[in-house]
Amino acid sequence: QCLSKDNLLEAALLRFRNIINKHDNVEKIKPEEIDIVLLLGHEDADLFVYFLSFSIVCLAQQNQIEKAKSLLAICENLINDKIQAPIHAFFMQSQSVLKYYCGELVEEKRLLGQSLNLIKKDSPRYSSMLINYAYLLARKGMLEELDPENEKIFWSSLQIKEQNRIIYEIVLANCIMN
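Residues numbered from 1 in each chain as written. Predicted model: local features only at pLDDT ≥ 70, side-chain atom pairs only at ≥ 80, totals over all residues. Heavy atoms only, no water.

1. Overview of the overall build of the protein
Quick reminder of the rule: Per the convention used, a helix needs a DSSP run of H or I reaching at least four residues, while a strand needs a run of E reaching at least two, with both numbered from the N terminus. With the radius of gyration taken over C-alpha atoms, the globule rule is written as 2.2 Å times the number of residues to the power 0.38. Residue burial is assigned from relative accessible area. The probe radius is 1.4 Å, only protein chains are included, and a residue is buried under 20% of its type maximum, exposed over 50%, and partly exposed in between. Every residue pair with non-hydrogen atoms within 4.5 Å of one another is taken to be in contact. For every accessible area listed, the method is Shrake-Rupley and the probe measures 1.4 Å; residues are considered covered only by the protein chains on display. Charge counting treats Lys and Arg as positive and Asp and Glu as negative, with His and both chain ends excluded. Every charge is mapped onto a representative atom, which is NZ of Lys, CZ of Arg, CG of Asp or CD of Glu.
A tally of helices and strands in the protein yields nine helices and zero strands. Its helices and strands taken in sequence order, the protein reads α-α-α-α-α-α-α-α-α from the N to the C terminus. Against the 2.2 N^0.38 benchmark of 16 Å for 178 residues, the protein shows a C-alpha radius of gyration of 17 Å, consistent with a compact globule. Taken along its principal axes, the extent of the C-alpha atoms in the protein is 50 × 35 × 30 Å. Buried positions account for 41% of the 178 residues belonging to the protein. Here the analysis covers contacts within the protein between residues at least 6 apart in sequence; of these, 62% occur between residues at least 24 apart. Summed over its atoms, the accessible surface of the protein is roughly 10100 Å², and 54% of this surface lies on carbon and sulfur atoms. Between the mean site of the 20 positive side-chain charges and the mean site of the 24 negative ones, the protein shows a separation of 2 Å.

As structure tokens, this is what we get:
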């Protein structure tokens, strides 16, 4: 059975998400998977940017830096006022991941901070994006840099069972690096 281009993109997204969540990098992304979706494109620009952002993260984690940079350039050309703020913020966070793997840690922090500015603090997406920023701070033992409002949001994330482990990892990392 042939998959429509919608199904190809969605199937690739699900697979890439599973690869990212495993963190073991045993399963690799095949560049041709991304190339097929790139050739077909997608009518939903938000979904396409989301796919490219996920791909950038996966490729960076697998040290396929040049391919990730080429997707970054494509994605930058797609970002405009019509892209939803959470998608734009997710793209900025994917850029920050690439900067991390390239050793550009100041730029990583700047991008993560800017991504938070795109999302309203009462948005459900804000806390997950804040967790990424908190993790960056914790790697440097600087979790106390969170302003009081963000600190409150960070700790309230403990109410979400799926985020408990990562919150404790962040706090532990911060203690070790402090």
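2. Things to note about a nonpolar patch on the surface
Under the convention used in this document: The patch calculation keeps residues exceeding 30% relative accessible area without a salt bridge and links them within 9 Å when they carry like charges or within 5 Å when they are nonpolar (Val, Leu, Ile, Met, Phe, Trp, Tyr). Whenever Lys or Arg places a side-chain nitrogen within 4 Å of a carboxyl oxygen from Asp or Glu, that contact is recorded as a salt bridge.
Together, Y100, Y101 and L105 make up a nonpolar patch on the protein surface, roughly 260 Å² of accessible area in all. Along the polypeptide, Y101 turns up in helix α5 (residues 85-101).

3. Examining the packing of helix α6 (residues 105-117) against helix α7 (residues 124-139)
So the rule is basically this: To obtain each axis, a line is fitted to C-alpha atoms, and for helices this fit is confined to the stretch in contact; angles are then taken between N-to-C directions over 0 to 180 degrees. Angular relationships are summarised with four words: roughly parallel below 35 degrees, roughly antiparallel beyond 145, roughly perpendicular across 65 to 115, and oblique for the angles in between. Note on convention: near helix rotated counterclockwise from far helix by under a right angle means a left-handed crossing. Clockwise means right-handed. Asp, Glu, Lys and Arg are counted as charged, while Ala, Val, Leu, Ile, Met, Phe, Trp, Tyr, Cys and Pro are counted as nonpolar; the rest, among them Gly, fall into the polar class.
Here α6 crosses α7 at 155°, and the two axes come no closer than 9 Å. Judged by the inter-axis angle, α6 sits roughly antiparallel to α7. The element α6 and its partner α7 pack so that their crossing is left-handed. Residues L105, E108, K109, L112, G113 and L116 of α6 lie in contact with α7, whose contacting residues are Y126, M129, L130, N132, Y133, L136, L137 and R139. The class makeup of the residues in the contact of α6 with α7 is nine nonpolar, two polar and three charged.

4. Side note on unusual backbone geometry
A negative phi holds for most residues other than glycine; trans holds for most peptide bonds. Residues other than glycine seldom take positive phi values, yet N63 does so here, at roughly 60°. Take N63: it is sitting in the loop between α3 (45-61) and α4 (65-78). Note on N63: relative accessible area 60%, which makes it exposed.

5. Some remarks on the pattern of salt bridges
Under the definition given, this model contains eight salt bridges. A salt bridge links E66 to K69, with the nearest nitrogen and oxygen atoms 4.0 Å apart. Note that E66 and K69 are positioned in helix α4 at a spacing of three residues, about one turn of the helix. Classification of K69 as partly exposed rests on a relative accessible area of 37%. Salt-bridge contacts for E104 lead to K99; the nearest nitrogen and oxygen are separated by 3.3 Å.

6. Re the packing of aromatic side chains
Aromatic ring pairs are defined here through the distance separating the ring centres and the angle between the ring planes. Basically, it comes down to this: When two rings of Phe, Tyr or Trp (its six-membered ring) have centres within 6.5 Å they constitute a pair, described as stacked for plane angles under 30 degrees, edge-to-face for angles over 60, and tilted for the intermediate range.
In total, this model carries six aromatic pairs according to the counting rule given. Between the aromatic rings of F48 and F51, the centroid separation amounts to 6.5 Å while the plane-to-plane angle is 20°, which identifies the pairing as stacked. Highlighted residues: F48 and F51, both in helix α3, separated by three residues, approximately one helical turn. Given a relative accessible area of 9%, F48 falls into the buried group. Judged by relative accessible area, which is 0%, F51 ranks as buried. With a centroid separation of 5.2 Å and 75° between ring planes, the pair formed by F154 and W155 is classed as edge-to-face. In this structure F154 comes out as buried when scored by relative accessible area, which is 1%.

7. So, the nonpolar core
Short version of the rule: Among the buried residues, those of types Ala, Val, Leu, Ile, Met, Phe, Trp, Tyr and Cys that are joined through side-chain atoms within 4.5 Å form a nonpolar core.
Grouped together as the largest cluster of nonpolar side chains are 50 residues, with contacts concentrated most on F16, F51, L146 and F154. Per element, the largest residue contribution to this core is ten residues, and it comes from α3. Ignoring any residue separated from it by four or fewer positions in sequence, one finds L146 in contact with L130, Y133, A134, L137, E151 and F154.

8. Things to note about helix α8 (residues 148-156)
To keep it simple, the criterion reads: Taking the helix axis as origin, the arc is that swept by the directions to the C-beta atoms. We call two N or O atoms a polar contact when they sit within 3.5 Å, provided that within protein one can donate a hydrogen and the other can accept it, with sequence-adjacent residues counted only if both atoms are side-chain atoms.
Within α8 the residues assigned to the buried category are N150, I153 and F154. Projected down its long axis, α8 carries its buried residues within an arc of 105°, all on one side. The outward face of α8, more than 90 degrees from its buried face, is lined by the exposed residues P148 and K152. Against the buried residues of α8 lie α7 and α9 (164-177). By the N-cap criterion, in which a side-chain oxygen at the helix start approaches the backbone nitrogen of a residue two or three places on, α8 is capped by D147, the distance to E149 being 3.1 Å.

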